[in-house]
Amino acid sequence: MNTKNSIKEIAISIVAPVVKMFPSWAMKHTLRVNDYADYFQLSHKKEMEILSKLPQSEWVKARLWSPETRIACLKSRDKYHYFLDEIFSSKEFWAAYNNELTRERAVRCKTYTLSGSEVIKVCNETCGFVDLLWYKQPHSFTAEVVSKLSTEAVGRLIIFLNADKAYEIAAKLDMLLLQNIKKAKRNAEGAAKVLSMLLMDYTAYYPSIEPEELMKLEGFNQWLAKADIMVVTDKLSTYLKNLGRYDLLLQLLVRALKKRQFGIEKDIFSLLPKSCNCYQTAVTKMVEAGIAMPKDFAFLSDDKIKEQNLKLCQIDHRLDMIPEMDYKYLSENQKEWLLYSLARAGKLSQHLLDTASPKVKQNLLDILEEEAQVAWFKELVVLEQNGRKYENIQTVKNLAHISARLQAATLSFAGWQYVFAENGFYDSEYSLELLKRGTEEAVKIFAEKQGLTAEQYEALLIGNNKALAPELRRYIKKNV
């Protein structure tokens, strides 16, 4: 407070006691809009004397009154109307509530929110007040409150929960509602019907009741089909497994796959035993959704699905997880494809190599040789730290066949491009690649050492090194 206001307040505090000696004069200063109205407030006795003359309501409501006066008026039979529409405290509420003339209006009053204990007392005394409080403060009907309501009051509440589709509130009360209805000696079927009307359309409903009770609810299948899949799985999956309802687990699995919720689908799938009737369908659905199933080829009947599964296993680096006993379920072409893929992944066993036909075995050995060359080259590059130390050129010269993979790998290293170009290690395919995208130094040494065919010169013209074409044109072989 600044100095000016402080001086004003001191002056008012001195003048106010004198003014209060004249009630009619003091009342002019008790207007609510006056920041200093409380300085001029009269005693409860004098305020009641003024109100005994029954002034106009607007005049009363515009002024500040003591709590004692407000409560006394709310208890009266002729002055309650002054304060009934502006109840501000629990004491004022109960004063009005206990007044038979004002009970309903006290409950209805919008300026006061009943506490939980007050809601319980009011609703249990008069269940019709559930109607008023539902529209005034619906979120006061918590589990704690509802658990202490009478059966009649709960019955009224259910009507409004259902009529207003108050799913969020009803969901928090499901266990209490079910128990309360049963206490009223209605059968479980009737209770289930009431709950289903409230909750089975609520996709975010997370049940508090046990799965056994949940599955008895009318509309359960409807909720199962559209509720949040994570909620349904968390609440029901283990129970459905123990119950042997694998058909419903399959339904959940299909929903999870459609929604691309691949964390949940694996949890659901793990609950399905291989002996159940729907396991084969489940495996097929998983593969169709793009999930590798290396251990379940025995359950795939369609060759296209098997082929898709093979490719998925390769993408996920899980080819080696396919049981050898499942190879019999693959076509000959699929078996060969699998063997070649395992060889390229470095996961081909000696046993599988020995079981291959002579022709396939030779092809596999070629792939293994190619992979070995690339592995050797990668280690060599690391050791040489991409430098120009090529003491291992002789090893390349001694190779019976320089694989395409090794040639392709050298194109990423300028020094090795030069070495391969100088020694003629690139075959016809990779010589074209060198001319298109190799370093200038490597391209020049290739042209100088190996010469250029017409096809190679064309590759030079259309590649990144076309600027070298005029200079290297002289190396085109004339008689080729």
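Residues numbered from 1 in each chain as written. Predicted model: local features only at pLDDT ≥ 70, side-chain atom pairs only at ≥ 80, totals over all residues. Heavy atoms only, no water.

Peer 1: In this structure, what is going on with the overall build of the chain? I would like to understand it.
Peer 2: From N to C terminus, the chain includes 31 helices and zero strands. Here the C-alpha atoms of the chain give a radius of gyration of 44 Å, more than 25% beyond the 23 Å that 2.2 N^0.38 yields for 480 residues. When the 480 residues of the chain are sorted by exposure, 45% land in the buried category. Excluding contacts between residues fewer than 6 apart, the proportion of contacts in the chain whose partners are at least 24 apart in sequence is 51%. Taken as a whole, the chain presents about 26,400 Å² of accessible surface, with 51% of it coming from carbon and sulfur. (Helix = DSSP H or I, 4+ residues; strand = E, 2+ residues; numbered from the N terminus. Rg over C-alpha atoms; globule rule 2.2 N^0.38 Å. Buried < 20%, exposed > 50% of the residue type's maximum accessible area, 1.4 Å probe, protein only. Contact = heavy atoms within 4.5 Å. Areas by Shrake-Rupley, 256 points an atom, 1.4 Å probe, with all protein chains shown as cover.)

Peer 1: For this particular structure, what's the right way to read the packing of aromatic side chains?
Peer 2: Where two aromatic rings form a pair, the distance of their centres and the angle of their planes describe that pair. Throughout the structure, instances matching the rule amount to 19 aromatic pairs. The interplanar angle of 25 degrees and the centroid separation of 5.5 Å between the aromatic rings of Phe93 and Tyr112 together place this pair among those described as stacked. Residue Phe93 is located in helix H6 (residues 90-97), and its partner Tyr112 is located in the loop between helix H7 (103-108) and helix H8 (116-125); the two are separated by 19 residues in the primary sequence. Judged by its relative accessible area of 0%, Phe93 is buried. (Phe/Tyr/Trp six-rings, centres within 6.5 Å; stacked < 30°, edge-to-face > 60°.)

Peer 1: Would you mind showing me how to read the pattern of salt bridges here?
Peer 2: Close approach of charged atoms allows side chains with opposite charge to pair. By the definition in use, this model includes 17 salt bridges. Taking the shortest distance from any N to any O, the salt bridge between Asp85 and Arg105 comes out at 3.1 Å. In this pair, Asp85 sits in the loop between helix H5 (67-75) and H6 while Arg105 sits in helix H7, placing the two residues 20 residues apart along the sequence. Look at Arg105 and you get partly exposed, because its relative accessible area is 38%. Linking Glu307 and Lys311 is a salt bridge whose minimum nitrogen-to-oxygen distance equals 3.9 Å. (Salt bridge = Lys/Arg side-chain N within 4 Å of Asp/Glu carboxyl O.)

Peer 1: Explanation requested: the packing of helix H21 (residues 303-315) against helix H22 (residues 332-344) in the structure shown.
Peer 2: For any two helices packed against each other, one specifies the crossing angle of their axes together with the interaxial distance. At a minimum axis distance of 11 Å, the contact between H21 and H22 shows a crossing angle of 0 degrees. With respect to each other, H21 and H22 are oriented roughly parallel. Side by side, H21 and H22 meet where Asp303, Lys306, Glu307, Leu310, Lys311 and Gln314 of the first sit next to Gln334, Trp337, Leu338 and Ser341 of the second. The residue inventory of the contact of H21 with H22, partitioned by class, reads three nonpolar, three polar and four charged. (Axes fitted to C-alpha atoms, helices over the stretch in contact; angles between N-to-C directions. Parallel < 35°, antiparallel > 145°, perpendicular 65-115°, else oblique. Nonpolar A, V, L, I, M, F, W, Y, C, P; charged D, E, K, R; others polar.)

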